[in-house]
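Coordinate analysis (summary)
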Amino acid sequence: MLRIIFPRPYQIEVTRLRQTEFHKLRRQLDQVHLAWVTEWKRRQDDFRIENIRFRHDPYWNQRFFSLQAARDGNTWFWRATGVFLGWGVASI
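One structure accompanies this document, and this report is about it. Counting restarts for each chain: residues are numbered from 1 in the order of the written sequence. Under the rules for a predicted model, residues below a pLDDT of 70 receive no local features and side-chain atom pairs below 80 are neither given nor counted, while totals for whole chains, interfaces and linings still include all residues. As a rule here, side-chain values cover all heavy atoms of the structure and leave hydrogens and water aside.

What to know about the overall build of the protein
We count a stretch as a helix when DSSP gives it H or I for four or more residues in a row; a strand needs E for two or more, and each element gets its number in order from the N terminus. Helix and strand content of the protein: 4 helices and 0 strands. Reading the secondary structure of the protein in the N-to-C direction produces α-α-α-α. Considering the protein as a whole, with its 92 residues, one finds that 4% of them fall into the buried category. All accessible areas in this document rest on Shrake-Rupley with a 1.4 Å probe, and a residue is counted as covered only by the protein chains that are shown. On the protein, roughly 10200 Å² of surface is accessible, and the fraction owed to carbon and sulfur atoms is 60%. Remark: exposure states derive from per-residue accessible area (1.4 Å probe, protein chains only) relative to the maximum for the residue type, with buried under 20%, exposed over 50%, and partly exposed in between.

Written out as structure tokens, the structure is:
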């Protein structure tokens with residue numbers, strides 16, 4: 001009765017010949033991939049890190065969406081956000 005509802009799973013038998021064919025194909029794919037990787041790496045330019053300098057912004061911690069301004073609460077927006085969050089947590 002239960003075999004009607006839950007039939008046995010299918011079983012696929014692979015012959016020995018097909019297994020060797022799959023291994024040959026896999027070996028060929030691995031060789032082709034290795035050849036492609038070595039050629040790709042050979043064509044890549046040498047990677048050099050250059051020193052990139054940014055202009056210093058003296059008001060970086062007072063910008064509106066600056067994380068430092070959010071931490072310090074230097075702008076009205078972040079002070080108001082802190083107050084609203086405080087009220088929201090207190091109301092829970």
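Points about the environment of Asp72
If you trace the backbone, Asp72 turns up in helix α3 (residues 67–72). Separated by 10 residues in sequence, Asp72 and Gln62 place their C-alpha atoms 9.2 Å apart.

Observations concerning the packing of aromatic side chains
Only the six-membered ring of Trp is used, alongside the rings of Phe and Tyr, when aromatic pairs are assigned; centres must lie within 6.5 Å, and planes under 30 degrees apart are stacked while those over 60 apart are edge-to-face, with the rest tilted. If you walk through the whole model with that rule in mind, you get 3 aromatic pairs. When the centroid spacing of 6.1 Å and the interplanar angle of 90° are considered together, the rings of Trp76 and Phe77 count as edge-to-face. The exposed category is assigned to Trp76, whose relative accessible area is 60%. The class for Phe77 is partly exposed, based on a relative accessible area of 26%. Both rings, one in Phe84 and one in Trp87, keep their centres 5.8 Å apart while their planes meet at 75°; by these two values the pair is edge-to-face.

Description of the pattern of salt bridges
Any two side chains of opposite charge can pair, given that their charged atoms come close. What makes a salt bridge here is a side-chain nitrogen of Lys or Arg within 4 Å of a carboxyl oxygen of Asp or Glu, nothing more. According to the stated counting rule, one finds 2 salt bridges in the structure shown. Arg43 is the partner of Glu39 in a salt bridge, and the nearest nitrogen-oxygen pair spans 2.9 Å. Of this pair, Glu39 and Arg43 are both found in helix α2 (residues 16–43), 4 residues apart, which corresponds to roughly one turn of the helix. Looking at Arg43, the relative accessible area reads 62%, which means it is exposed.

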